[in-house]
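Listed below, chain by chain, are the residues.
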Amino acid sequence: MNKYELALVANAKIEDDARAALVDRSKDLITRFGGKIGEVEEWGKQRLAYEIQKMNEGYYYFIPFEAEPEAPIEIEGQLRIMDNVLRYLIVRTDEK
């Protein structure tokens, strides 16, 4: 199993409940593909570096997890089609 981190930028214009549901759905995706989730880090509302879909702000979440090498591809495929996800990035974080 490899260590990864999912950086997720959620739409700032949605309600808190919808944003929490979005994070829960993202965590469910990770567990569905055999991942083990660490502690979710919420950075809150931040200004974006550039405008995305006519928005200047987004909510940032960082979700560390462990999974097999195939899992990030599957997770990204599902994140790509989720509403209210402005941007996402999965990076491998193995320590040397």
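Above this text is the structure in question.
Since this is a predicted model, take the numbers as computed values, not measurements.

1. Structural notes on the nonpolar core
Core analysis: the biggest nonpolar cluster contains 20 residues, and Leu6, Phe65, Ile75 and Leu79 have the highest contact counts within it. At the level of secondary structure, the elements contributing two or more residues to this core comprise β1 (2-11), α1 (16-32), β4 (55-67), α2 (71-79) and β5 (85-92). Ranked by residue count, the leading element in this core is β4, at five residues. Core analysis: the next-biggest nonpolar cluster, separate from the first, contains seven residues, Leu48, Ile52, Tyr60 and Phe62 among them.

2. Some words on unusual backbone geometry
Phi is positive for Gln53, which is not a glycine, with a value near 50 degrees. The class for Gln53 is exposed, based on a relative accessible area of 55%. Notably, Asn84 is not glycine yet its phi reads approximately 70 degrees, a positive angle. Structurally, Asn84 is set in the loop between α2 and β5. The class of Asn84 is partly exposed, set by a relative accessible area of 32%.

3. Notes on the pattern of salt bridges
Applying the stated criterion across every chain, the model contains three salt bridges. Residues Asp16 and Arg19 are paired through a salt bridge, measuring 2.2 Å at the closest nitrogen-oxygen approach. Of this pair, Asp16 and Arg19 are both found in helix α1, three residues apart, which corresponds to roughly one turn of the helix. Accessibility expressed as a relative area gives 53% for Asp16, which makes it exposed. Notably, a salt bridge pairs Lys27 with Asp24, separated by 3.9 Å at the nearest N-O pair. With a gap of three residues between them, Lys27 and Asp24 both fall in helix α1, about one helical turn apart.

Cut-offs applied
- Residues numbered from 1 in each chain as written.
- Predicted model: local features only at pLDDT ≥ 70, side-chain atom pairs only at ≥ 80, totals over all residues.
- Heavy atoms only, no water.
- Core = buried A, V, L, I, M, F, W, Y, C linked by side-chain atoms within 4.5 Å.
- Buried < 20%, exposed > 50% of the residue type's maximum accessible area, 1.4 Å probe, protein only.
- Helix = DSSP H or I, 4+ residues; strand = E, 2+ residues; numbered from the N terminus.
- Salt bridge = Lys/Arg side-chain N within 4 Å of Asp/Glu carboxyl O.

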